[in-house]
Every structure is written in C-alpha cells, then in structure tokens.
Amino acid sequence: MIHPAGQPSLVFADEDGNITDFPDLHAAGMSGGNFSLPAQEDFIPLPEGSEMFVLPGRIPIGWDRETDEAVLLEEDPFSPGNPIQAVAAFMSPAHTTVLNAAYQTNDNAPRLPLFAYTAVGWYDGQFWTTAFRSDKDIRQDSKQFDQKKINTKTAKKLERHKNNRLIQHLGKCCLTYACPAARNFFLGRWEAPLPTSPTCNARCVGCISLQASGKCSATQDRIQFVPTAAELCEVAIPHLQNADQAIVSFGQGCEGEPLLQTDTIERAIREIRKNTDRGTINLNSNASIPEAVKRLAGAGLNSLRVSLNSAQEIYHNRYYRPRGFNLKDVCQSIQVMKEAGGFVSLNYFILPGVTDSVDETNALRSILKEFEPDRIQLRNLNMDPEWYLRCIDFDINVETTGMRSWLDQIKTEFPQLQLGYYNPSIR
Ligand code: SF4
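Residues numbered from 1 in each chain as written. Predicted model: local features only at pLDDT ≥ 70, side-chain atom pairs only at ≥ 80, totals over all residues. Heavy atoms only, no water.

Undergrad: Give me the environment of K149: which residues, what numbers.
TA: Here K149 is to be found in helix α1 (residues 147-160). C-alpha separation for the pair K149 and N242, spaced 93 residues apart in sequence, amounts to 18 Å. (Helix = DSSP H or I, 4+ residues; strand = E, 2+ residues; numbered from the N terminus.)

Undergrad: So, the site of the ligand: which residues are in play, and what are the values?
TA: Near the ligand the following residues occur: C200, A202, C204, C207, R222, E255, G256 and N286. Of the residues assigned to the shell around the ligand, the class counts are four nonpolar, two polar and two charged. (Near = heavy atom within 4 Å. Nonpolar A, V, L, I, M, F, W, Y, C, P; charged D, E, K, R; others polar.)

Undergrad: Summarise the domain arrangement of the protein chain; cite the residues concerned and give the values.
TA: Partitioning the protein chain into domains gives domain 1 (9-133) and domain 2 (146-420). Summarising the inter-unit geometry, the C-alpha centres of domain 1 and domain 2 are found 30 Å apart. In total, about 2200 Å² of surface goes out of reach between domain 1 and domain 2, with carbon and sulfur atoms giving 56% of it. On the domain 1 side of the interface with domain 2, the three residues burying the most area are G32, R111 and L114, jointly 35% of the side's total. Linking domain 1 with domain 2 are three salt bridges. Here the element with the most residues in the side of domain 1 that touches domain 2 is strand β10 (residues 95-97); it accounts for three residues. Residue composition of the side of domain 1 that touches domain 2, grouped by class: 14 nonpolar, nine polar and four charged. (Domains from an automatic or database assignment. Buried area = accessible area lost by both parts, 1.4 Å probe. Salt bridge = Lys/Arg side-chain N within 4 Å of Asp/Glu carboxyl O.)

Undergrad: Residue-level account of unusual backbone geometry, with values.
TA: Phi is positive for W190, which is not a glycine, with a value near 55 degrees. Along the chain, the position of W190 falls in the loop between α3 (180-186) and β15 (191-194). Of note, R321 is a non-glycine position whose phi angle comes to about 45 degrees, a positive value. Mapped onto the secondary structure, R321 falls in the loop between α7 (313-320) and α8 (327-339).

And the structure:
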C-alpha cells in the first residue's frame, strides 16, 4: 500500500468551486463529529474514478502544525474576505473510508446528497484520501469501462429485446445512471442486476431509490413494475451460461425489497436452475422475512447479502424504520440461509465514529459469533454523516478505536471471515 512521505495539506474550494491546497494546515479527518490528525498510514493516493465534492455551507477544518489542534479556515487565505467551502472525496468502488472529511456546518446549510464524504488532502503533487482498498476485484474499476463499447453493446441488446421491460429498464440504468452492474450485464461479464420490487417494507432514512421527504433526492428512480419470471430469466440464463465469474443479483439500488416478490423470484430461480447450474444466484436484501429466504434457498438461491447499518437493534430500528420486522428477523434469515448451505454476506454500512465504537463492535462480534456469516462487505454509508447521526440519535462522545484498529480486531478474532466489498462468485 502506498502512503505519503509527509503529512498532506488541507484542500478547500473557493466560492466558484476551484480547489486549492493550503500548506499552512495539515488535512484533518472527522470521526462521528470529532476531529483528528490522520496518520500518514491512513492516506492512500485518491483512487482512479473517484470524484471530488465541494460541500455547500460547510467551512473546512484543518490541523495546525504548531499548536497540534483542529482549526477552522473561515476565509480564503489567498484572497482575504472571500468565503470558502470544504471539500471531500467520493471514492470509487472497492475502497472503504478510515476518516470522513472535516468541516463545520453553517446553520442554513443544505443537507448533503446520498454519497460518502471521505477526508482528502494534497501532497507532492497529488490528492491523498483516508481509506484502504477493501476488495481486489476489478469489476467496477473505472478503467474497466469503455463507453463506446458499452453504447454499442447496449443498443444491440435493447434492439434485440424490445419487449423485455426489465432489459429496457436496465438500459436506462446503464446509459443514464452509469450503474456498473447494468454496464457489466450489457458487456456480458461478472455481476448482472435483477431489480424486481417497486415496494419495500422498510423506510430507510438513507434510501437511495426513494426519498419521500423530498429534502434529499434519491440517486436513482425506483423500478415501477414487477418483471415476470420470463423477463428475469431472459436476463439471467444467458448471463449465467456465458459470463466470466457469472453472478446475477436480485435486490438493486433501483428497487424496494425483493423479498416482497418471493413468488416471482422463486419461479425465476427454479426456471434458471432448470436451464443452467453455472454461476451464482445472489439476493441483496434487508433480510426481513426468514420464511421467504428459506423458500428461495430451497429453490436454488446460492448467496444472500444482508444490508445492515448497525448490529444494535436501537440504531437498526431508527435507520430502517421497519414495517413488521426487526433485527431478530434479520439474524434469523442469516441462520436460515446458513442452515440451507448458502453463503451469507453482511453489507455493513461503514461510518467512522459509529462502526468503530466499542458498543457497535461488541454487537457486531455477537452476530458474527452466533450466526457466522461468511463475509463482510465494507460499504461506506452513503449519507450526510451529521444527518445520519441525528437520525439515529447517536452519542458522538462514545469510545472508539479508530477504523484501522477496528479492522485488525475483526481480522484477528474472526480469521475465517472474508472481508471485501463485492458479492463473490461462489460457483
Ligand atoms: S430496504 Fe432498501 S429499498 Fe427498502 S427503504 Fe431501505 S434502502 Fe430503500
């Protein structure tokens, strides 16, 4: 892993959004609302395909080299009197945050959209961010995507499958939202998406497909129909028969909860497995209905990915705002899938200051010990961190260990547990 030879400097944006470094201050990090000076080992070069975000109504916080403390940079040091804004990195997939960007939010600042905001600094002619690569798999690396090839192959498949509503929907996901899973479907490789459900039995505060409050926009539109088993099979069967490391996944960012469409999915899985036993059939889910998971495992489902913001019931409830289920049902779904011989991943939302808090770590350790999931996918929480902490009413003064110590602890205590970012191909 490459780390900077010195401490990166703070970067900020002027009122026009131009990003500049300020060598007089080190870049600082934020964890659950507390500021710190990142260690040089926390920084990696900003991964290719990452984006830099200017944070409206937020003033950058840096670290003073002399006084060794956090300081606010209230105006443009190169043009006194002019306002400035904080900057954060939205990292490309397969990278997990160690510290969030450090800033102070003005009273009338708008809520930040549904992305993750990682600390970033400047050193020796390049940007550095506080993160680590959490999966070697290249399936969503930006250089894997040739737009011209995507356009050609997508157009051909859309033409060939005019009557398949699901393929037409994935065409929009691919060409409008640049969804990596939809792109890989049209390129005929790796993991392909099978969105199925317009409805959900949860009301996650940070839902990326439905933001009822309107105070924050969803990052993609939710599918408006339930595909038929035949439409699902027309996507899945050729993909599983031909793609490298083939995976098809129910439960995508552009839908509600797939377990609410268990009848259709069960029919599709049975039909798929009548035609091919190649590849992995996966379900990304809030795992709310263990009986439905049991039925799908019986039909041939190979792996289950369970989304989890917290291993503590109180925070799980406050985030998912579930209708008719709770964390016990989620854990029972893990048990049911394991008993059926299936593979289980936790899609664990990472937020420094929460994930590495002692109570959260202990709660996660209990679930890992009792239910033995096979893998944790270390996914950054894509939400305004301050809004999230308010929504779950989290005490930011709790004891924390730091994300890198947290990772070492989990690795040491659970050596069998896989740590990654993506759904693995397991067949
Ligand atoms: S479970 Fe998924 S679809 Fe349902 S509200 Fe949560 S994020 Fe949205």
